[in-house]
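What the coordinates show
Residues per chain, in single letters:
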Amino acid sequence: MEQTISKDRLWTKDFFIVFGVNFLLFLCFYLLVVIMPSYAINEFGASESMGAFASSIFVIGALIGRLVGGSTIEKVGRGRMLLTGLISFVILTFLYFVTPNLGVLLIVRLLHGIAFALASTATGTISASLIPHSRRGEGTGYYGVSIIIASAIGPFIGLLVKEHGSITLNFILCAVLGVLSLASSFLMKVPKLTLTAEQQKDLKGFKISNLVEPKAIPISIISFVMAFGYSSILTYLTLFAEKINLVEVASFFFIVYAIVVILTRPFTGKWFDKHGINVVMYPAIVLFAIGLAILSQVHSGPLLLLSAVFVGLGYGTTQASAQALAVKRSPVHRMGLATSTFYIFVDVGIGVGPFILGFLTPVIGYNGMYMAMAALMIVGFVLYYALVGRKEAAMQNSELKILN
């Protein structure tokens, strides 16, 4: 049924629920991603490369799901896509219990990624429709916290359960989270969008603009660069920490990162809404570069955690602001497409980063790699100015002239 929200109210019941549904989805994703390689190796005798593939094929499925979900969400309905994604997600989670061999596991992981993408594209679109336009940056930032918290505690819980329990217990926990996510979705009223004849025509046919939202591409390219840099932390931080004997401290890196993001999100979101994205993005990109540069010189625990603070201030802020702008600059009937476009670029950055850096790291080492990523962020700064910053500044000046 149609949902009407107050002009400036953000924390409605439905926003709370979509926040929770998305958090449970991503928590399950992070629970499984860290244990899947060892599961494939120990249970099915897979090689290390195939074990890693059993984890990463989920991302391939997610990319397929993003393309399908973004192009069809407004046609089939946001609520219907959410239920389709969540029901499929839960069913596929239960299939882990009866997977007989590596080949079937790879198929389940691929399909699980597709279901995850359909559901998370729907939650992202629904959350965007629940956020008042005047609080777009703030609301999108708060919504992003659901992913940040999941990414911080998910791997920690997954490894803890595996170490003190079993991998099967991880599957049970993930199944419970999936069911809770599905049950919670029935308590939410999803805002419906009635498409005009012109909007329906715009979304018909097989064309590039119905796979990705053109107006979301410039800022999504910046998100790709940021995600590429962040993938160096997600994939290689533990290995780097082992080399410098800081494994125990490294386990707190993402906890510090999440705390920083949560504490700063209220301010950065409001700055976005009040002053525009440039006020947030320029310093955030620089802070991310500083965090990576500090990481390249780490030799002690406090320095490692200091780098986490700068990464939280930098990367955590850039991605929330980028997603908010992608939705803000896109037509309302293409909101789902803008959301999926943003996530496609982020997923590709996270997915291809480790593969490419795998060739770079043996040559220049972990220290050199992180310094190279810091340099990449400076390139990202210039790229942001060229693709987004100049245009946003011009648009903001025009809006000010109109108001005056």
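Within an unreviewed UniProt entry, the label attached to the protein chain reads MFS transporter, and the organism entered is Paenibacillus shunpengii. The record held by UniProt for the protein chain lists under Subcellular location (unreviewed entry) the comment "Cell membrane".

Overall, the coordinates contain 1 disulfide when judged by the stated rule. Here Cys-28 is linked by a disulfide to Cys-174, with a sulfur-sulfur distance of 1.6 Å. Separated by 146 residues along the polypeptide, Cys-28 in helix α1 (residues 13-33) and Cys-174 in helix α7 (residues 167-185) bring together distant segments of the chain. You'll find Cys-28 and Cys-174 in the same group, each marked buried.

Before going further, it helps to examine helix α3 (residues 48-76). Across its 29 residues, α3 extends 40 Å between first and last C-alpha, which sits within 8% of the 42 Å expected from 1.5 Å per residue. Roughly 35 degrees is the biggest bend found in α3, and it falls at Gly-70. At the N-terminal boundary of α3, the capping side chain belongs to Ser-47, with an oxygen 3.2 Å from the backbone nitrogen of Met-50. Trailing α3 by a residue or two, Gly-77 shows a phi angle of about 105 degrees, which is positive.

Before going further, it helps to spend a moment on a nonpolar patch on the surface. Side chains of Ile-87, Ile-91, Phe-94, Leu-95, Phe-97, Val-98, Leu-169, Ile-172, Val-176, Val-179 and Leu-180 sit close together on the surface and give an oily, nonpolar patch of about 920 Å² of accessible area. When contributions to the nonpolar patch are tallied by element, the ones reaching two or more residues are α4 (78-95) and α7. Top contributing element to the nonpolar patch by residue count: α7, with 5 residues.

Moving on: the environment of Leu-357. Tracing the backbone shows Leu-357 in helix α14 (residues 335-403). Since its relative accessible area comes to 1%, Leu-357 is described here as buried. Spatially, the C-alpha atom of Leu-357 lies 32 Å from that of Thr-168, the residues being 189 residues apart in sequence. Once residues lying within four places of it in the same chain are set aside, the contact partners of Leu-357 are Phe-228, Ser-231, Ser-232, Tyr-236, Pro-362, Met-369 and Met-373.

As a further point, take the side chain of Asp-14. Along the chain, Asp-14 turns up in helix α1. Reaching out from Asp-14, the side chain makes a polar contact with the backbone nitrogen of Lys-189 at a distance of 3.1 Å.

In this structure, Ser-231 sits in helix α9 (residues 217-243). Within the local environment of Ser-231, its side chain forms a polar contact with the backbone oxygen of Phe-228, the two atoms lying 2.6 Å apart. With residues up to four places along the chain from it excluded, the contact list for Ser-231 reads Tyr-236, Gly-349, Ile-350, Gly-353, Pro-354 and Leu-357.

Our focus in this paragraph is the nonpolar core. If you look at soluble globular proteins, the nonpolar side chains tend to sit buried side by side. Ile-219, Ile-233, Phe-288, Tyr-315, Tyr-370 and Tyr-384 are the most contacted members of the largest nonpolar core, which has 110 residues in total. In contact with Tyr-315, not counting residues within four places along its chain, are Met-226, Ala-227, Tyr-230, Tyr-257, Phe-288, Val-346 and Ile-350.

Attention shifts here to the pattern of salt bridges. For the coordinates displayed, the defined rule picks out 4 salt bridges. A salt bridge links Glu-138 to Arg-135, with the nearest nitrogen and oxygen atoms 3.0 Å apart. Residue classification places Glu-138 among the buried positions, given a relative accessible area of 5%. Of the charged contacts, one joins Glu-392 and Arg-329 as a salt bridge, the two residues approaching to 2.8 Å between their closest N and O atoms. Of the two residues, Glu-392 is situated in helix α14 and Arg-329 in the loop between α13 (301-328) and α14; the sequence distance between them amounts to 63 residues. Residue classification places Glu-392 among the buried positions, given a relative accessible area of 10%.

Conventions used here
Residues numbered from 1 in each chain as written. Predicted model: local features only at pLDDT ≥ 70, side-chain atom pairs only at ≥ 80, totals over all residues. Heavy atoms only, no water. UniProt positions renumbered as here; feature names shortened; annotations may be inferred. Disulfide = S-S within 2.5 Å. Helix = DSSP H or I, 4+ residues; strand = E, 2+ residues; numbered from the N terminus. Buried < 20%, exposed > 50% of the residue type's maximum accessible area, 1.4 Å probe, protein only. Expected span 1.5 Å × (residues − 1). Bend = angle between axes of the 7 residues up to and from the residue. Polar contact = N/O pair within 3.5 Å; in protein donor to acceptor, adjacent residues only side chain to side chain. Patch = residues over 30% accessible without salt bridge, like charges linked within 9 Å, V, L, I, M, F, W, Y side chains within 5 Å. Areas by Shrake-Rupley, 256 points an atom, 1.4 Å probe, with all protein chains shown as cover. Salt bridge = Lys/Arg side-chain N within 4 Å of Asp/Glu carboxyl O. Contact = heavy atoms within 4.5 Å. Core = buried A, V, L, I, M, F, W, Y, C linked by side-chain atoms within 4.5 Å.

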